[in-house]
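The lines below spell out each chain.
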Amino acid sequence: MRKHYTVAGHGFIVDAESSVFTRMVQYQPFQDDSIDNTLFTARVHESVSPVIYTENYRQEDEGQTIICGETSDGNTVFEYQLENKIEGWLVCSHDYKEGDVYCTGHQWLFVLNNAMMMMYTVITSDRLTALFHSSVVSLKGRAYMFLGKSGTGKSTHSQLWIKHIEGTELVNDDNPVVRIIDGVARVYGSPWSGKTPCYRNVDYPVGGIVKLKQAPFNEIRRMKTIEAYVTLAMSISGMRWKKWMGDGIHETENQLTATVPLWHLSCLPDQEAAEVCSKAIINQEIK
Amino acid sequence: MRQKKGLVLRDVCGEKVIIGEGLEAIDFGRLLCLNETAAWLWQRASEIGDFTIEDLAEALYEEYEVSKEKAIQDVTTIVDKWKSADIITE
């Protein structure tokens, strides 16, 4: 059975046994049967035998390992591991429009989410769209994005806004999508949100982006061009291994650098941090 | 000399920078800002492939109105910077 989904206006299809969909709860807000144009299709299978490939490189983060490689036919492969145990694979077609997701066991949702994010990232990389590593809140019709390395306190900072600044709501806590349409950057909720179950199908114009850094004080400053560009590049889940992907991501980063204010916040995990931050960035949105 | 693989010259809101992209440079760890002349020379070097200081000086001499001595001098300074930034190989 097939179901259609839309995230930030980009459609895709998941093809799987019906029992799989009943457990894809986080994708339900994004189901969209009216859509005709889809960018990619993911077919979900229970794995029978391992995928054979040559490793190109690997990323390790908090017990999760993602290995990127290639089959003998030149198809891109991702292997997903948790605590060094193989949980599944994604095998992409040459044009990245089709992907076969193989799951070995109980952690199939971990495999599916990573595979879907990967396919989404690759296929949208030349469409002024980027999947971010960020926690996002909304306030008075605009969204504010918090960036930083794992463990910096992005989620904590969002929670401080929610607690102390009236009207603030969480949009997404880990993997929002930013898309530029007619020169305006908007941030969209997604079916991926890390450990926080916040899968909202909402979107707002981006009012500001803030890079967080832990410090024994609260202080905010506006970033200059190059620093802003690098900050964006480090927070975008971009794959730059083909020229069209690198060119596309660069275009997105460049347009964001030019249109959205970026800030650097040195902060404590306290009420004053949220106040210092919000006071500076709200109503400072036009360069 | 040759440019290292996986490096791309980009225009970031009007500023010329070299960044690592592609499989050979998956770690987006560094970014190098270039002035107009250096960016222009980087482009030439990329077209030539296996380039020498003389190749670039010749190109600079033809494009810009500088003396041959000045061209050699400028190119040497810039190429030395590339060497110390480890973005070219001998």
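Residues numbered from 1 in each chain as written. Chains lettered and ligands numbered in written order. Predicted model: local features only at pLDDT ≥ 70, side-chain atom pairs only at ≥ 80, totals over all residues.

A. Expanded view of the overall build of chain A. In terms of regular secondary structure, chain A is built from 6 helices and 17 strands. For chain A, whose C-alpha radius of gyration is 19 Å, the value lies close to the compact-globule estimate of 19 Å for 287 residues. On the principal axes, the C-alpha backbone points of chain A span a range of 55 × 40 × 35 Å. Relative to its 287 residues, chain A shows a buried fraction of 42%. Of the contacts made within chain A by residues no fewer than 6 positions apart, 62% connect residues no fewer than 24 positions apart. (Helix = DSSP H or I, 4+ residues; strand = E, 2+ residues; numbered from the N terminus. Rg over C-alpha atoms; globule rule 2.2 N^0.38 Å. Buried ≥ 20, exposed ≤ 12 C-beta atoms within 10 Å, placed from the backbone. Contact = placed C-beta atoms within 7 Å.)

B. A look at the pairing of strand 3 (residues 15–20) of chain B. All names here are of chain B. For strand 2 (residues 7–12) and strand 3, the ladder comprises 6 bridges, and the chain directions are antiparallel. Residue L7 lies in a different strand from strand 3, and its bridge partner there is G20. Linking two consecutive strands that pair antiparallel, namely strand 2 and strand 3, is a turn of 2 residues; a positive phi of about 45 degrees is found at C13 within it. Direction of pairing for strand 3 relative to strand 4 (residues 31–34): antiparallel, over a ladder of 4 bridges. Counterpart to I18 in the pairing with strand 4 is L32. (Pairing = 2+ DSSP bridges.)

C. Focus on helix 5 (residues 243–259) of chain A. Taking 1.5 Å per residue as the helical rise, helix 5 of chain A with its 17 residues ought to reach 24 Å, and the 24 Å between its terminal C-alpha atoms agrees with that figure. Among all positions of helix 5 of chain A, only M245, G246, G248, I249, H250, T252, E253, L256 and T257 of chain A are buried. Residues of helix 5 of chain A that are buried in the fold lie against helix 2 (108–124), strand 9 (129–131), strand 13 (177–181), strand 14 (184–188) and helix 4 (225–235) of chain A together with strand 2 of chain B. (Expected span 1.5 Å × (residues − 1).)

D. Quick look at the sheet that holds strand 4 (residues 54–61) of chain A. Residue and element names in this part refer to chain A. One open sheet holds the 8 strands; their spatial order is 1-2-3-8-7-6-5-4, and the pairing between them is mixed. Strands with a single pairing partner mark the edges of an open sheet, and in this sheet they are strand 1 (2–7) and strand 4. Looking at each pair of strands side by side, their axes are set apart by 20 degrees on average, direction ignored. Where strand 7 (residues 85–92) meets strand 8 (residues 98–103), 5 bridges bridge the pair, whose relative direction is antiparallel. Bridging across to strand 8, L90 finds its partner in V101. Of the strands in this sheet, strand 1, strand 2 (10–15), strand 3 (40–46), strand 5 (64–70), strand 6 (76–82), strand 7 and strand 8 touch helix 2, which is tilted by about 165 degrees from strand 8. (Axes fitted to C-alpha atoms, helices over the stretch in contact; angles between N-to-C directions.)

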